[in-house]
Each structure stands twice: as structure tokens, then as C-alpha cells.
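Observations on chain architecture
Each chain, letter by letter, is given below.
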Amino acid sequence: MPIFRHKPVNNFSGEITAELATGDSMDVEHSSSMSLQSLRGLGGRLASARVIPLHKQDPALQEEAQIAAAIVQGIRDGDTGAETRLLERYSNGLRFLLLRRTHDDERARDLLQDTFLIAITKLRETDLEEPARLAGYLRGIAIRVALNAGRRQRREPYPMEAEAVAQIPDREPRQFDYVAREQTLAAVHKLLSSMPMKRDREILTRLYVEDQDKEAICEALGLDSLHFNRVLFRAKKRFRKILEKSARAADLAAGRGN
Amino acid sequence: MDRNYIEQHLLVDRYIQGRLEGSEQDAFEERLVWDQSLIDDVQLAEHLRDGLKGVSAARADVADSPGFDLVATVAGLFAVPQYAAAASFLLAVTLTIGVLTSPFVNLGGQSDTPALQTDIVPLFTTRGENAVEIAVDPGTWTVLLVDVMGDYPAYRVTVRQEKPGGELVWMQDGLLPTYPESLAIGMPGSALPTGRYVLTIEGDLTSDTGETIYERLQDIPFVSNPAD
């Protein structure tokens, strides 16, 4: 009989995650069903809990937590290499968020620099409460910087040299950066052509063109949630392949690839 | 935020719709800060949304075009009993999508911009040596309506001159069977100067891996005559 430890985790859905301590020889399906069965027998306290086996948790999250903690500690210890790693790891994402708020590439670049100036100053001087959530900390600074810039407030001078963030790496080009509108339209047409069910095509139209939410679409079309997700997943997978192929061809034509 | 949670709750789509709020948005954007693949997913969904909106807008533009005589076109279709029931549907969907937004290859060097005045011509399969005769105005856009067989997600249509080594004058792929067993193939009348042609319909057997294979379904000979 496996032994269970119960560890509430806020995973943003209000669910309780039960951590399962199993023997090495227990297979995945067995451990999942056993854990659920056993939890239901715990006097009803966890009767509505959904068991999320740890082996299915996202390994990238754990990796990010470790990297973030190391960067935070490194900056606190005066390691300039850690500051470089901070810029390398988070500049693309922060620039993406800032661009969505400013719709101006130059402005986003300036705000990104301000964000890193503030962040590095703070990280050098103070201990971060949750080092593993460095990304959340940086996002918070970026949002405040963007808000302040939007309100046209005067910026306070930063007590550090700007050279520290002068080495923000250029954004690495991504696979869909050079997709032209014509390519997108052609890819969408090909996608629609590959979907024989009118109802499946209508799901996409309602979701993306009419901005309806999933519940409304499922109700209107008499669909269950799983079918909706399946159609959307397959459509995106197909669309990605079509667009990747198109983007590769465009890159080759423009001499961006080989 | 766990990647499985993001996928199960459609957070990428809700994010680009502006439907995420509070802690859900905070956690999603926190992941965006370090997860480049999530940024790719957001950009992909935006491309899909923009493309679908573009296709939808193209439909609306055509339907609203001042030169698009909806009444006359519907009346013309009603003259052909077998298409009467499908007329409105064909006009609203097939014509606009199939003609105007299909990626097509115009080998005749004609303009890609369709003429606003459009002639719709049913093209029937005939037996023996007979070929359907159609009247084509080179100054207008011609839509050939054909029956198709089989259950394919999409079709490709080619038109060649009917002679040995006949020149390919038109090709259009990605056509949707938007009404049972019917397709609308749009092309400028100028691509069909007087002569004999063969229209070939092929079914698109695009596989899950994206490889496209065409299966030949039928050849329909026809004769293009100048319109009065």
C-alpha cells in the first residue's frame, strides 16, 4: 500500500495537489488510480481533490526555479556573469511584454533598459523573498516602468551606471517573425481546406473572429469541452506545420536560412 | 504556471482575446518572461486569428462590393434548378472564399483581382464526344460550377487546352466542397479564349504530416465561346 503525503499547492486553479510517495516499482497508471482511491477514503476532507501525479508536473518550471535562484544569488554575491545571464534569459520575454503594452519597438527597448537598471540595482542590494520567482519580480518592475512612462512621470535617476545593462542582447529572430500577411492568409486557407467538418471550421471562426468564449461556442454548437479542445489542438498543430513550411520557404528566398 | 494547465484551460487563446484576469494573467505573463516557446505559441495563435479575420473580411468585402449584383446572380442561379437551393449558400460562402481568397496560380498572366461583374456557369459532365458549350465574356469574371464525387477535405482544379500537350491555363487548389458535391471555380474570362478545354478535378488527400497527394476524380470537357 503506498504512503501519501498531502501538500496543498496553489497552482492557480484552486486545486489541491496530493504528493504521492510511491515505491520505485509502481507504474504510473497504478499509482494515479491508487492515490485517488486512497484520498477519497480520508474522511471526506479531500473528497473533491484532484490528484496530479508529480511525474506529470512541468519540468521546465523546476528548471526555471533553479536557474532564477542561482542568478539572484550570483548578483547578490557581486558576480557580473550572473547579471549577464539575467539579461540573456529574460530580455526576450520582457521585451515581448513591453511591446504588447507600448506597440512601439523603440519605446519597448528603452523601457526594457529601465527595467533591468532597476532590477539589477535592487538585486545587488537586497535579498529577494522568492528567488525562484525572479521572472515574476522582473515582470512586476516592467509593468510599473511601462505604467510610469505612460503617465509621463519623470524618472528618478538610478544609482548605478547604465553600462550594466548596455549589453542587453538583441532579440533572437523567431520562426514566425518574417511571416507576411499573404502567407498567413494562404496558411489559414490551407488549414480550412484540410478541415472537412463545417462545425470544426466554425469553432475557429467563432473563437478567433467573433471572439466568443469556449463555453458559449460549446453551448451554441452542442459540443463537449474535450471535443472543442481536440479540434483546436489539431487545428493549431496543422497551422503551425503549414506556417513553418511557408516561413522556411520565405527565409530561404530572402537568404535568411540555408 | 504549469504548461499542462495552460493548454487545458486555453490560456494562450484567452490571453490574446484579453480574457485573462488577476492571478491567472500574472502567472501566465510570468511564464512568458522566460519561456520562449510560450511566446511562439502566442504569436502562432495571433497569426491564426489574424488570418481568419482576414479571410472573413475578404468575404464581407466581396458581398458589399458595389458592382457585385447579388440579385442578378441569384436570379441566374435560380434558372438552373439543381443549383437553386444552393444559390444563397454558394454565393455567401463558396464564391467568396473559393474565388477570392484561394491561393491560386494564374498561368495566363491575368490580373489576380477579380472583376466585379461575375458570370456563374454550371458545367455538367457529359457522355461521349459532347462537350458543354459555355459563353465567356473576357471582360468579366467567370465562375464554373461543377459536381464533384467523393468525400475529400479539399479539391484541386486544373483547366487545360484540349489537345495533345495542351497548355495549362488555370489551376486552383484548396477548394472547399461548401455545398454537397458542388464546387465553384472562379477565373477571369480572359483566361478562356475561344477554344476547347478540359477541366480536371482532383481530391486533396493531405495527410496528417502535411504531405499533399492529389487523386484524379474526373475530366470535364467544355467549349468556350464568346459571349454575345
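Cut-offs and rules
- Residues numbered from 1 in each chain as written.
- Chains lettered and ligands numbered in written order.
- Predicted model: local features only at pLDDT ≥ 70, side-chain atom pairs only at ≥ 80, totals over all residues.
- pLDDT = per-residue confidence, 0-100.
- Helix = DSSP H or I, 4+ residues; strand = E, 2+ residues; numbered from the N terminus.
- Contact = placed C-beta atoms within 7 Å.
- Axes fitted to C-alpha atoms, helices over the stretch in contact; angles between N-to-C directions.
- Parallel < 35°, antiparallel > 145°, perpendicular 65-115°, else oblique.
- Nonpolar A, V, L, I, M, F, W, Y, C, P; charged D, E, K, R; others polar.
- Left-handed = near helix turned anticlockwise from the far one by under 90°.
- Pairing = 2+ DSSP bridges.
- Buried ≥ 20, exposed ≤ 12 C-beta atoms within 10 Å, placed from the backbone.
- Expected span 1.5 Å × (residues − 1).
- Arc of directions from axis to C-beta.
- Core = buried A, V, L, I, M, F, W, Y, C linked by C-beta atoms within 7 Å.

Section: the confidence of the model for chain B
Residues and elements named next belong to chain B. Of the residues in chain B, 62% reach a pLDDT of 70 or more, and the chain-wide mean stands at 70. Here strand β1 (residues 104–105) stands out as the element of chain B with the lowest mean pLDDT, 33, in contrast to helix α3 (residues 22–34), whose mean of 94 is the highest. A low-confidence stretch, residues 66–116 stays under pLDDT 50, and its non-local contacts, those more than four residues away or across chains, total 84 contacts.

Examining the packing of helix α3 (residues 80–102) of chain A against α3(B)
In the contact formed by α3(A) and α3(B), the axes pass within 6 Å of each other and the chain directions differ by 130°. In this view, α3(A) runs oblique relative to α3(B), as classed from their interaxial angle. Contacts between α3(A) and α3(B) involve Arg89(A), Tyr90(A), Gly93(A), Leu94(A), Phe96(A) and Leu97(A) from the former and Glu29(B), Leu32(B), Val33(B) and Trp34(B) from the latter. Here the contact of α3(A) with α3(B) is built from residues that sort into seven nonpolar, one polar and two charged.

Section: the interface of chain A and chain B
Taken together, the 52 residues of chain A in the interface contact 43 residues of chain B. Every element with two or more residues in the side of chain A that touches chain B is listed here: α2 (59–76), α3, α5 (134–150), α6 (181–193), α7 (198–209) and α9 (225–253) of chain A. At 10 residues, the largest contribution of residues to the side of chain A that touches chain B is made by α6(A). Tallied by class, residues from the side of chain A that touches chain B come to 25 nonpolar, 12 polar and 15 charged.

Brief notes about the packing of α3(A) against helix α4 (residues 105–125) of chain A
Residue and element names in this part refer to chain A. Where α3 contacts α4, the axes come no closer than 9 Å and their chain directions differ by 135°. When the interaxial angle is binned, α3 and α4 end up oblique. For the element pair α3 and α4, the recorded crossing hand is right-handed. On the side of α3, the interface is formed by Glu83, Leu87, Ser91, Leu94, Arg95, Leu98, Leu99 and Thr102, while α4 contributes Asp105, Arg107, Ala108, Leu111, Leu112, Thr115, Phe116 and Ile120. Residue composition of the contact of α3 with α4, by class: nine nonpolar, three polar and four charged.

Thoughts on the pairing of strand β8 (residues 195–204) of chain B
Residues and elements named next belong to chain B. The pairing of strand β5 (residues 154–161) with β8 spans eight bridges and is antiparallel. The residue of β8 that forms the bridge with Arg156 is Glu202. Sheet topology note: the β8/strand β9 (residues 214–226) ladder contains 10 bridges and is antiparallel. Looking at the pairing, Arg196 lines up with Val223 of β9.

Some points on unusual backbone geometry
Although it is not a glycine, His103(A) sits at a positive phi angle of roughly 55°. Along the chain, the position of His103(A) falls in the loop between α3 and α4. Although it is not a glycine, Leu10(B) adopts a positive phi angle of roughly 55°. The topology assignment puts Leu10(B) in the loop between α1 (3–8) and α2 (11–16). Among the residues examined, Leu10(B) registers 20 C-beta atoms within 10 Å and is labelled buried.

Thoughts on α2(A)
Residues and elements named next belong to chain A. Its 18 residues give α2 an end-to-end C-alpha distance of 26 Å, which sits within 8% of 26 Å, the value for a rise of 1.5 Å per residue. Restricting attention to buried positions, one finds in α2 the residues Glu64, Ala68, Ile71, Val72 and Ile75. Buried residues of α2 fall within an arc of 95° about the axis and therefore sit on the same side. When the buried face of α2 is taken as reference, the exposed residues oriented beyond 90 degrees from it are Pro59, Gln62, Glu63 and Gln66. Immediately downstream of α2, the backbone of Gly78 shows phi near 85°, a positive value.

Quick word on the nonpolar core
The nonpolar side chains of soluble globular proteins are, as a tendency, buried together. In terms of nonpolar packing, the biggest core is built from 87 residues, with Leu138(A), Ile185(B) and Leu199(B) touching the most fellow members. The element best represented in this core is α4(A), accounting for nine residues.

As for the confidence of the model for chain A
A residue-level look at chain A finds 64% of positions with pLDDT of 70 or above and a mean pLDDT of 73. Confidence over residues 1–55 of chain A falls short of pLDDT 50; this stretch has 58 contacts with residues more than four positions distant or in other chains.

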